[in-house]
Amino acid sequence: MPTTSPTQTDRPIAVEAAAAAGPMPTTPTRPTLPPTTPPPALSKLVTILGLRLPTSDPANWPRARKWRIVAVLTACNVLPGFCSTVYLPGVPSVRDDLHTSDVLVNLTLSLFILFNGVGPIFFSAASDTMSRRKPVYLFALALFSAASLACYFAESVGVLIALRCLQSVGASAALSIAAGSVSDMFYLSERGAAVGAVSAGSAVGALTGPVLGGVMTQAIGWRATFLLSAGLGAALLFAQLLAVPESYRFASIWGPMQPSPPAPTSPDAAGSEELSGAASERNDSAPPPAGNAFEAEHDDFRRSTNDETDAVQTGEPDPSGASNPLKKVGETFKVLTLDYVCLCAVAGSFPFA
């Protein structure tokens, strides 16, 4: 008697049951859109401008590349202080050439400072919205260069005031985004030197502006200071195009920024770390040697620091109130309020100087 396999007997039964049950309900599927590719012209423009996202973690870039970018950002940070002071020696000449009053001429100074604080608000928001740094730099430098060149041809004080506001907005991009670029590339332990270098640009611009402005105003005229500003902006624009890649760092891809660069791992290094860890544990448990006051004081400080850290981690209240977040927020709000009042006072005092 021939034997039949279970699959041969079950298959007709399954087909008959499916036919009797009727057609199975189908779940609606989401329509898939055909894959779209950017136009070749747009893709080529993105490549030329260097706007593509980084393919590797910016924190692991070579040190030379990082500091090359820091040098360009420092030069960009020179613009606000330089352009606000290079124009000062030519204020009397501007008043005489444009046949205006001292109040209107001083508005070209005070409004420049005012818009220098307004511009970073929009540039930082645009950078975070687009997840890009470089397009904001390029737009701001192009605006600054064009406004500086237009100031050279200004024939009325109203046009000069409007162009000075645009010039201030274009010069203020690095004030807010440069710190973000530094945080994208440098670990926490390396960030201090880079931030200090970028911040030094503002001081350099404020120091060199009046000297160069006085020399150029005396030798050529006050309009030459705007040609100098336009040339400086154009040079920085090309430097951004050629030497600064896009550095926006996605924490979702590369993880949160670590405090320090990862140490090279090897079997010998792992064994030495274990030995050093065991030695440190023995040193922590052993009492300090007698007669060494410095080591004893250091050990007491370390124990007190560890006790404070344990109290914060376990949620115990701090009797001094130093770790109270509301208190820190209040102190920060006081500092920001004082800075805003000082800025408004400085900006409002120029027209009446």
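Criteria and cut-off values
Residues numbered from 1 in each chain as written. Predicted model: local features only at pLDDT ≥ 70, side-chain atom pairs only at ≥ 80, totals over all residues. Heavy atoms only, no water. Helix = DSSP H or I, 4+ residues; strand = E, 2+ residues; numbered from the N terminus. Expected span 1.5 Å × (residues − 1). Buried < 20%, exposed > 50% of the residue type's maximum accessible area, 1.4 Å probe, protein only. Disulfide = S-S within 2.5 Å. Axes fitted to C-alpha atoms, helices over the stretch in contact; angles between N-to-C directions. Parallel < 35°, antiparallel > 145°, perpendicular 65-115°, else oblique. Contact = heavy atoms within 4.5 Å. Nonpolar A, V, L, I, M, F, W, Y, C, P; charged D, E, K, R; others polar. Patch = residues over 30% accessible without salt bridge, like charges linked within 9 Å, V, L, I, M, F, W, Y side chains within 5 Å. Areas by Shrake-Rupley, 256 points an atom, 1.4 Å probe, with all protein chains shown as cover. Salt bridge = Lys/Arg side-chain N within 4 Å of Asp/Glu carboxyl O. Phe/Tyr/Trp six-rings, centres within 6.5 Å; stacked < 30°, edge-to-face > 60°.

Chemist: I'd love a proper account of helix α7 (residues 134-152), names of residues and values included.
Modeler: The end-to-end C-alpha distance of α7 is 28 Å, a good match for the 27 Å that 19 residues give at a rise of 1.5 Å each. Taken together, the buried positions of α7 are occupied by Lys134, Val136, Tyr137, Leu138, Ala140, Leu141, Phe144, Ser145, Ala147, Ser148 and Cys151.

Chemist: Residue-level account of the environment of Phe153, with values.
Modeler: Residue position: Phe153 is located in the loop between α7 and α8 (157-171). With a relative accessible area of 56%, Phe153 lands in the exposed category. Considered as a pair, Phe153 and Arg223 are 70 residues apart in the sequence and their alpha carbons are 8.1 Å apart.

Chemist: Please set out the state of the cysteines residue by residue, giving values where relevant.
Modeler: Enumeration according to the criterion identifies zero disulfides in this entry. Free of any disulfide, Cys83 has its nearest neighbouring cysteine sulfur in Cys151, separated by 9.5 Å.

Chemist: Account for the packing of helix α3 (residues 63-76) against helix α4 (residues 78-85), with residues named and values stated.
Modeler: Close contact between α3 and α4 brings their axes to 5 Å; oriented N to C, the two are set at 25°. Taken together, α3 and α4 sit at an angle that is classed as roughly parallel. Note on element contacts: α4 touches α3 through Val78, Leu79 and Pro80, opposite Thr74, Ala75 and Cys76. Of the residues in the contact of α3 with α4, the class split is five nonpolar, one polar and no charged.

Chemist: Please provide a residue-by-residue account of a nonpolar patch on the surface, values included.
Modeler: Taken together, the side chains of Leu114, Val118, Ile121 and Phe122 present a nonpolar region at the surface, about 380 Å² in accessible area. Inspection of the secondary structure puts Phe122 in helix α6 (residues 102-130). By relative accessible area, Phe122 is classed as exposed at 58%.

Chemist: Let's hear about unusual backbone geometry: which residues, and what values?
Modeler: At His99, a residue that is not glycine, the phi angle is positive and equals roughly 55°. For His99, a relative accessible area of 72% gives the class exposed. The phi angle at Ser131 is positive, at roughly 55°, despite the residue not being glycine. Within the secondary structure, Ser131 sits in the loop between α6 and α7. Ser131 sits in the buried class, given a relative accessible area of 17%.

Chemist: Tell me about the packing of aromatic side chains, residues and numbers included.
Modeler: Following the criterion strictly, the structure yields five aromatic pairs and no others. For the ring pair Tyr87 and Phe226, a centre distance of 5.6 Å and an interplane angle of 50° mean the geometry is tilted. Pair noted here: Tyr87 is in the loop between α4 and α5 (91-98) and Phe226 is in helix α11 (residues 224-243), with a separation of 139 residues, a long-range link. Side by side, Tyr87 and Phe226 carry an identical accessibility label, which is buried. Note on Trp222 and Phe226: the rings are 6.1 Å apart at their centroids and 85° apart in plane angle, and the pair reads as edge-to-face. Phe226 gets classed as buried once you look at its relative accessible area, which sits at 2%.

Chemist: Quick one: what's the story with the side chain of Thr108, residue by residue and with numbers?
Modeler: Position of Thr108 among the secondary structure elements: in helix α6. A relative accessible area of 1% means that Thr108 is categorised as buried. Not counting the four nearest positions on each side in its chain, Thr108 is found in contact with Tyr87, Leu160, Ile161 and Arg164.

Chemist: Break down the pattern of salt bridges for me, with residues and values.
Modeler: Enumeration according to the criterion identifies six salt bridges in this entry. The shortest N-O distance in the salt bridge between Arg249 and Asp57 comes to 2.8 Å. On the criterion of sequence distance, the pair formed by Arg249 in the loop between α11 and α12 (251-254) and Asp57 in the loop between α2 (40-49) and α3 is long-range, its members being 192 residues apart. Like Arg249, the residue Asp57 is buried in the burial classification. Via salt bridges that share partners, Arg95, Asp96 and Asp102 belong to a single interconnected network.

Chemist: Describe the packing of α3 against helix α9 (residues 173-185), and please don't skip the residues or the numbers.
Modeler: Between α3 and α9, whose axes approach to 10 Å, the crossing angle comes to 170°. In terms of orientation, α3 and α9 fall into the roughly antiparallel class. Listed contacts from α9 to Lys66, Ile69, Leu73 and Cys76 of α3 are Ala174, Ala178, Ser181 and Met185. Its residues assigned to classes, the contact of α3 with α9 shows six nonpolar, one polar and one charged.

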